[in-house]
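# Residue-level structural notes
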Amino acid sequence: MLLYAICISPMLQTLKEGITGVKTGNGRKGIATVAYADDITIFLTRPEEMPKLREILDTYQKASGAHINMDK
C-alpha cells in the first residue's frame with residue numbers, strides 16, 4: 001500500500017495544480033481531488049477542463065502502467 005501511495009502522489013499533485021476544483025471559501029484554492037486507499041474522486045466545475053484531465057490521466061497511465069477505470 002505504501003508503494004501505491006508513493007506512485008500515485010505525483011498524479012495527485014499534477015491534478016491539484018492543473019484542475020480548478022471546487023472552491024471551499026473566500027479566495028481559497030479549490031479542492032480538485034479526494035483520495036482514500038485506492039479510490040480517487042476528482043471534482044470538475046468547468047467542463048473546459050475535461051481535456052486537461054484526460055491528458056493528466058493518460059500521462060499517468062503511460063508512465064505507471066496502471067489502468068484507470070473511467071466507468072466508475
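Bear in mind that the values here come from a model prediction, so they are computed numbers and not experimental data.

So, about the pattern of salt bridges. Under the criterion given, the structure shown has 2 salt bridges. Across the salt bridge formed by glutamate 48 and arginine 46, the nearest N and O atoms sit 2.9 Å from each other. Residue classification places glutamate 48 among the exposed residues on the basis of a relative accessible area of 53%. By relative accessible area, which is 37% here, arginine 46 ends up partly exposed.

Further remarks concern a nonpolar patch on the surface. A contiguous nonpolar surface patch, about 280 Å² in accessible area, is contributed by Val22, Ile31, Val34 and Phe43. By secondary structure assignment, the location of phenylalanine 43 is in the loop between strand 2 (39-42) and helix 2 (50-64). A residue is classified by how much of its surface remains accessible, and phenylalanine 43, at 31% relative accessible area, is partly exposed.

Turning our attention to the environment of glycine 18. Following the sequence through the fold, glycine 18 ends up in helix 1 (residues 2-18). Its relative accessible area of 26% is what places glycine 18 among the partly exposed residues. Taking the C-alpha atoms as reference points, glycine 18 and glutamate 49, separated by 31 residues in sequence, lie 8.6 Å from one another. Contacts of glycine 18, omitting those with residues within four sequence positions, involve Glu49 and Lys52.

Counting residues in each nonpolar core, the largest one holds 10 residues, listed as Ile8, Met11, Leu12, Leu15, Ile19, Ala32, Leu53, Ile56, Leu57 and Tyr60. Those elements giving two or more residues to this core turn out to be helix 1 and helix 2. The residues contacting isoleucine 56, other than those within four sequence positions of it, are Met11, Thr14 and Leu15.

Rules of the game
- Residues numbered from 1 in each chain as written.
- Predicted model: local features only at pLDDT ≥ 70, side-chain atom pairs only at ≥ 80, totals over all residues.
- Heavy atoms only, no water.
- Salt bridge = Lys/Arg side-chain N within 4 Å of Asp/Glu carboxyl O.
- Buried < 20%, exposed > 50% of the residue type's maximum accessible area, 1.4 Å probe, protein only.
- Patch = residues over 30% accessible without salt bridge, like charges linked within 9 Å, V, L, I, M, F, W, Y side chains within 5 Å.
- Areas by Shrake-Rupley, 256 points an atom, 1.4 Å probe, with all protein chains shown as cover.
- Helix = DSSP H or I, 4+ residues; strand = E, 2+ residues; numbered from the N terminus.
- Contact = heavy atoms within 4.5 Å.
- Core = buried A, V, L, I, M, F, W, Y, C linked by side-chain atoms within 4.5 Å.

In short, geometric facts, not functional conclusions.
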